[in-house]
Amino acid sequence: MHSSIQSLYDIAQKPKKLIIGLMSGTSLDGLDVALCKVTGNGINTKMELLEFETIPYTDDFKTEVRTVFSKQEINLEKLCLLNPWIALQQAQMINTCLAKWKMKNEEVDLLASHGQTIFHSPKSLHKQLKFGNSTLQIGDGDHLAVATGIITISDFRQKQIATGGEGAPLAFYGDYLLFNKKGENRVLLNIGGIANFTYLPGSEEEGKIICSDIGPGNTMMDAFVQANFPGHFFDEGAAIAKAGKVNDILLSALKANAFFQLPFPKTTGPELFNLSFLESAKIKTGISSISVEDTMATLTKFSADMIVEAILSNVKNPNNLQVICSGGGIHNPLLMQHLYDQLPDCNFKTTEELGINPDAKEAVLFALLANETVSGNNVTFQLNAVGIPAVSMGKVSFPT
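As the structure is a prediction and not an experimental result, all values here were calculated from the model. (Residues numbered from 1 in each chain as written. Predicted model: local features only at pLDDT ≥ 70, side-chain atom pairs only at ≥ 80, totals over all residues. Heavy atoms only, no water.)

(A) Molecular detail of the pairing of strand β11 (residues 347–350). Relative to β11, strand β10 (residues 322–326) runs parallel, the two sharing 4 bridges. The residue of β11 that forms the bridge with C325 is T350. Following the chain from β10 across helix α13 (residues 333–342) to the adjacent parallel β11, one finds a crossover that is right-handed. (Pairing = 2+ DSSP bridges. Helix = DSSP H or I, 4+ residues; strand = E, 2+ residues; numbered from the N terminus. Right-handed = clockwise from strand over helix to strand, strands pointing away.)

Here it is in structure tokens:
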């Protein structure tokens, strides 16, 4: 037996594993690095977050990724070059974190890498009959494994598509393992670039579980700030939006997109929700002049309204519903106030109250997925839930 296969076999048998989960989102703010101690697998999984860092990306990194990010036409040579380059940049960040945490690389059992999404194209978006759902993440797993010396699990989304899903969101798999609670209706709401949610009914009725993208979380707001306020990457404290007023005509035009009429579950990305989407809505409504403050106020309300509509469309009785939040959007006070105002009967909290740093949640998710890949059983996820195939995900890369 190859020594690396033997090592993987031995790791799979361990009752406790040290796994680093990585997440690099569409916001391109940085790499989330979560060191997790994972015990057991399946519904018996226990997870302890030992260390967490977000390593900010340099301006050069962001510039390079944006040359291929969410574009219909790109330089294929640049895409080819970026695939290993991103992995090597991230490997350096991981090695730096481990040194800071006074840990040796060989103490880590697995590295779980989401990769950097370059393009997400579900059939509902591309509408080409002969092609199915597709998505592309780069940041090669072999380069990560060799540069860190750690067995790496990566490229999780492809298996989910291959078995009938849309490749996103994958949040359900971790949400179900960590947060399902009998007798308590829970929505796990993640407000990243794109907002998504998992509904876990306290009755544990399998057919009622749902996980879906909602629409824009921070992506349009952040893009607008970056375009209009050089050197700023998001609306800190919602200061810009708070200085403006919602334009109801523009808001209605933003909501009129056909994506919001699609049945749940569904997926989307910045390929649809971007500044061109905003400009198109302005043209349709004849709005030629609107202040940046009013635009930000409207975009913030847009994200909030679609989150509220998604929850109310999927939860028959929101009274006493536990809405457990994570992602960068929780730091936007105006966005969150809109949610509180429109869902007054819901109980809002963050994953912090359940032992998970809300900024680390997505990185933790991939650590859990890697654990299931090597030690799990697909039976765990056979829940008869639409769009959620019962499958283990990820490709294995060995250091040698």
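(B) Focus on the state of the cysteines. Counted under the stated rule, the structure contains 0 disulfides. Free of any disulfide, C346 has its nearest neighbouring cysteine sulfur in C325, separated by 9.8 Å. On the basis of relative accessibility, which here comes to 8%, the residue C346 falls in the buried class. (Disulfide = S-S within 2.5 Å. Buried < 20%, exposed > 50% of the residue type's maximum accessible area, 1.4 Å probe, protein only.)

(C) Representation of the layout of surface pockets within the structure. Roughly 710 Å³ of volume is contained in the second largest pocket. Looking at the lining of the second largest pocket element by element, the count peaks at 4 residues for helix α8 (residues 219–228). Class assignment for the residues of the lining of the second largest pocket results in 9 nonpolar, 14 polar and 4 charged. (1 Å grid on protein atoms, 1.4 Å probe; cavity = no way out; pocket = protein on both sides within 12 Å on 5 of 7 lines; lining within 4 Å. Points joined across faces, edges and corners; volume = space filled by probe spheres on them. Nonpolar A, V, L, I, M, F, W, Y, C, P; charged D, E, K, R; others polar.)

(D) Up close: the environment of I19. Examined against the element boundaries, I19 turns out to sit in strand β1 (residues 16–24). What makes I19 buried here is its relative accessible area of 0%. The sequence separation of I19 and A370 amounts to 351 residues, and the corresponding C-alpha distance is 8.0 Å. Among residues more than four places away in sequence, those in contact with I19 are A34, L35, C36, V38, L110, A112, A367, A370 and N371. (Contact = heavy atoms within 4.5 Å.)

(E) Layout of the pairing of strand β8 (residues 194–200). Taken across its 7 residues, β8 has 7 buried, putting it largely inside the fold. Residue alternation in β8 divides its side chains into two sets, I194, N196, T198 and L200 and A195, F197 and Y199, and both sets are buried. Strand direction decides the pairing type here: strand β7 (residues 186–191) and β8, joined by 6 bridges, are antiparallel. The residue bridging R186 from the neighbouring strand is L200, located in β8.

(F) Just helix α5 (residues 141–148), in detail. G141, L144, A145 and T148 are the residues of α5 that are buried. All buried residues of α5 fall inside an arc of 95° around its axis, so they share one side. As for α5, its buried residues are in contact with α3 (76–100), β4 (110–121), β6 (152–154) and β12 (395–397). Regarding α5, its N-cap is D140, as a side-chain oxygen of that residue lies 3.1 Å from the backbone nitrogen of D142 further along. (Arc of directions from axis to C-beta. Polar contact = N/O pair within 3.5 Å; in protein donor to acceptor, adjacent residues only side chain to side chain.)

(G) Region of interest: the packing of aromatic side chains. The final tally for this structure, using the stated rule, is 17 aromatic pairs. Relative to F264, the ring of F197 lies with its centre 6.0 Å away and its plane at 75°, an arrangement referred to as edge-to-face. Separated by 67 residues along the polypeptide, F197 in strand β8 and F264 in the loop between α10 (248–255) and α11 (275–285) bring together distant segments of the chain. One aromatic cluster in this structure is built from F259, F260, F273, F277 and F302. (Phe/Tyr/Trp six-rings, centres within 6.5 Å; stacked < 30°, edge-to-face > 60°.)

(H) Seen up close, the nonpolar core. L189, L254 and F302 are the most contacted members of the largest nonpolar core, which totals 47 residues. Ranked by residue count, the leading element in this core is helix α12 (residues 292–314), at 9 residues. Beyond its immediate chain neighbours, meaning those up to four positions away, F302 contacts P216, M220, L251, L254, K255, F260, F273 and F277. Within the second largest apolar cluster, 44 residues are counted, among which are A112, L177, L365 and F381. (Core = buried A, V, L, I, M, F, W, Y, C linked by side-chain atoms within 4.5 Å.)

(I) The pattern of salt bridges, seen in detail. Taken as a whole and judged by the stated rule, the model has 11 salt bridges. Measuring nitrogen to oxygen at the nearest pair gives 2.8 Å for the salt bridge that ties K78 to E64. Residue K78 is located in helix α3, and its partner E64 is located in helix α2 (residues 59–66); the two are separated by 14 residues in the primary sequence. For E184, the salt bridge goes to K181, with nearest N and O atoms at 3.9 Å. The class for E184 is buried, based on a relative accessible area of 18%. Judged by its relative accessible area of 41%, K181 is partly exposed. Each of the salt bridges in this network shares a partner with another, and the network as a whole consists of K255, K301, D305 and E309. (Salt bridge = Lys/Arg side-chain N within 4 Å of Asp/Glu carboxyl O.)

(J) Expanded view of the side chain of K282. Inspection of the secondary structure puts K282 in helix α11. Buried K282, no salt bridge; nearest opposite-charge side chain is E279, N-O distance 4.4 Å. Discounting chain neighbours no more than four positions away, the residues touching K282 are L250, I287, I290 and T295. (Lys, Arg positive; Asp, Glu negative; His and termini not counted.)

(K) Representation of the side chain of S121 within the structure. Position of S121 relative to the elements: it lies in strand β4. When near neighbours in sequence (up to four residues on either side) are disregarded, S121 contacts H126, G132, N133 and S134.

(L) Unusual backbone geometry, seen in detail. Cis geometry is adopted by the peptide bond preceding P169, which originates at A168 and carries an omega value of -15°. Within the fold, P169 resides in the loop between α6 (157–162) and α7 (171–179). A positive phi angle, near 55°, is found at S70, a position not held by glycine. Mapping S70 onto the fold places it in the loop between α2 and α3. At D155, a position not held by glycine, the phi torsion is positive, near 55°. One can find D155 in the loop between β6 and α6.

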